[in-house]
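The primary structure of each chain is shown beneath.
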Amino acid sequence: MAEPKQLDDCNGVKDECLQTACTGSSKWNFRPSEAVMGCIHNMLGIRGVLDYVMSHLNPDGKSKIPLGHGDPSAFECFRTSIHVEDALIEAIRTGKYNGYSLGNGLPQSRRVVADYLSHGMPFKLSEDDVFLTCGCSQAIDVVLSVLAREGANILLPRPGFPAYEALMAYKGIEARHYDLVPERGWEINLDQLHAIADSNTVAMVIINPSNPCGTIFTHDHLTKVAETAKRLGLLIISDEVYAHIVFGEKPFIPMGFFASTVPVLTLGSISKKWMVPGWRIGWIATCDPDGILRKSQITEGIKKLMNIVVDPATIAQAAIPQIIEKTPKDFFQQTLQLLGHAADICYDRIQKLDVLYCPAKPEGSMFVMVKINISGLVDIRDDIEFSAMLAKEESVIVLPGSPLGLKYWIRVTFAISPSVLEEGFDRIAAFCMRHAKNT
């Protein structure tokens, strides 16, 4: 069997590349930035890695089953509420939102987001604490840009979301990784934080509910995280893009709840909870009751940067109040019920496969991390090859774990139609059986 194509590193552009751009007596002075081109595979982002995996699809093969990307909107069962669609249509038809908005977003929409995020918190956010962004991805970019002082490093979870490391590499921020421990329900290794942090460590990132692990941090664990960050002098970047997408026994606790202990920058969006990732509406919220972010000028830095970066479409901003305040509760209940059922399917099917292992049933978000027993397979050396060959032979797309920080693991999304998910695992089972070592 032919080996899958290599996932090559993106080498820096060499001088020869500039020379080949010369024609005749002309010599061109432009070439790509080495910061952009000098990337390695785990800095390509999820899209880049999935593009690599999908490049192995057989054009004449089976229909594609996408278990690699967290975009459930492609499936009718996860279509957003009609009330959400009507909110955008109404904003368009008013004719009031065809121009530019303020750099930090429409005041009425920021006010509604502030009220939404304040639920269950010991203090109340105001519209001045909220900055609207083009999805959570831009929120990540803005926050990292503000923190990118010379020599800075930031603590990232392993496994985690590769966009952080990619953007940090581009901005010259050193990434230091702390482990999420699968044997403890993917809790943070708090002792490790002390070992890897120093005087140049400016922040730590947490992702709760977890992408890629599908777990929820408890109140007790988050208390310890906040106390540890305070001792180390760090702010917490809390990525809560999957906030309230929980279907297990643990409730979602926002990190902002602990902002009296440690300052928190909360990142979120309407993308996942309302099933509209393509609308690109997100936010940064400064959870800072003691004014630490203001005194350290982090808040001012965000304000300045928001005045020079692109802001979300004004019509989408204008739809936020109706989206947040008017979406029926039964829409969310139905979505969580469907995701919980899909998580059960995913976990139960994995348990039946000898070469795959899942430490715990997913409790939230849309993902689960699955370990591959490479020693039980032939012709497959790692998670990259597993994913590429699975795409080629069965047209099932999963995300390799190496770009997330865990070699020999894969990330699987279960946010798809249950019938398609079942077929996907039928194909995965056939693939694993076909490549299993004879015992």
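Placed above this text is the structure.
If you're wondering where the values come from, they're calculated on a predicted model, not measured in any experiment.

Novice: Quick one: what's the story with the pattern of salt bridges, residue by residue and with numbers?
Specialist: Tallying each qualifying case throughout the model produces 18 salt bridges. The residue E187 makes a salt bridge to R184 at a minimum N-O spacing of 3.9 Å. With a closest N to O distance of 2.9 Å, R434 and E393 form a salt bridge. In this pair, R434 sits in helix α15 (residues 418–435) while E393 sits in helix α14 (residues 383–394), placing the two residues 41 residues apart along the sequence. Overall, R434 belongs to the partly exposed group, its relative accessible area being 45%. Classification of E393 as partly exposed rests on a relative accessible area of 21%. Via salt bridges that share partners, K62, E393, E394 and R434 belong to a single interconnected network.

Novice: Describe the pairing of strand β8 (residues 264–269), naming the residues involved and giving the relevant values.
Specialist: Burial of β8 is extensive: 6 of the 6 residues sit out of reach of the surface. The side-chain alternation of β8 yields two buried faces, one formed by V264, T266 and G268 and the other by L265, L267 and S269. Examined bridge by bridge, strand β7 (residues 235–239) and β8 share 4 bridges and lie parallel to one another. Within the sheet, the bridge partner assigned to S238 lies in β8 and is T266. Relative to strand β9 (residues 282–287), β8 runs antiparallel, the two being bridged by 6 bridges. Residue pairing across strands places T266 opposite A285, the latter belonging to β9.

Novice: I'd like a rundown of the sheet that holds strand β6 (residues 201–207), residues and numbers included.
Specialist: If you walk across this open sheet you meet the 8 strands as β2-β9-β8-β7-β6-β3-β4-β5, and the pairing is mixed. At either margin of the open sheet sits one strand with a lone partner, and together these are β2 (130–133) and β5 (187–188). Of the strands in this sheet, β2 and β9 touch helix α5 (residues 107–118), which is tilted by about 110° from β2.

Novice: So what's going on with the packing of aromatic side chains? Residues and values would help.
Specialist: The relative placement of two aromatic rings is captured by the distance of their centres and the angle of their planes. One pass over the full model with this rule turns up 11 aromatic pairs. Both rings, one in F331 and one in F332, keep their centres 5.3 Å apart while their planes meet at 65°; by these two values the pair is edge-to-face. Note on F386 and F431: the rings are 5.3 Å apart at their centroids and 90° apart in plane angle, and the pair reads as edge-to-face. Taken together, the residues span a long stretch of sequence, with F386 in helix α14 and F431 in helix α15 at a distance of 45 residues. Here a set of aromatic residues connected by ring pairs shows up, and it is made of Y116, W274, W283, F331 and F332. In this structure, K273 is placed above the aromatic ring of F332, and the distance from its NZ or CZ to the ring centre is 4.7 Å. Of note, R411 hangs over the ring of F367, and the distance from its end group to the ring centre comes to 3.8 Å.

Cut-offs and rules
- Per chain, the residues get numbers from 1 upward, laid out in the order the sequence is written.
- Per-residue local features of the predicted model are confined to residues with pLDDT of at least 70, and side-chain atom pairs are confined, for both listing and counting, to 80 or more; whole-chain, interface and lining totals are unaffected and use all residues.
- Values reported for side chains reflect all heavy atoms of the structure, with hydrogen atoms and water molecules removed beforehand.
- Salt bridges, as used here, are contacts in which a Lys or Arg side-chain nitrogen is within 4 Å of a carboxyl oxygen on Asp or Glu.
- To qualify as a helix, a DSSP run of H or I must reach at least 4 residues; to qualify as a strand, a run of E must reach at least 2; elements of each kind are numbered from the N terminus.
- With a 1.4 Å probe rolled over the protein chains alone, any residue whose accessible area is under 20% of its type maximum counts as buried; one over 50% counts as exposed, and the rest are partly exposed.
- Here the rule is simple: two strands pair whenever DSSP picks up at least two bridges between them.
- In what follows, residue pairs with any heavy atoms lying within 4.5 Å of each other are defined as contacts.
- Working convention: axes come from line fits to C-alpha atoms, limited for helices to the stretch in contact. Angles between N-to-C directions cover 0 to 180 degrees.
- Note on aromatic contacts: the rings of Phe and Tyr and the six-membered ring of Trp form a pair at centre separations within 6.5 Å, being stacked when their planes are under 30 degrees apart, edge-to-face when over 60 apart, and tilted otherwise.
- By definition here, charges over rings are those cases where NZ of Lys or CZ of Arg is within 6 Å of the ring centre and within 35 degrees of the ring normal.

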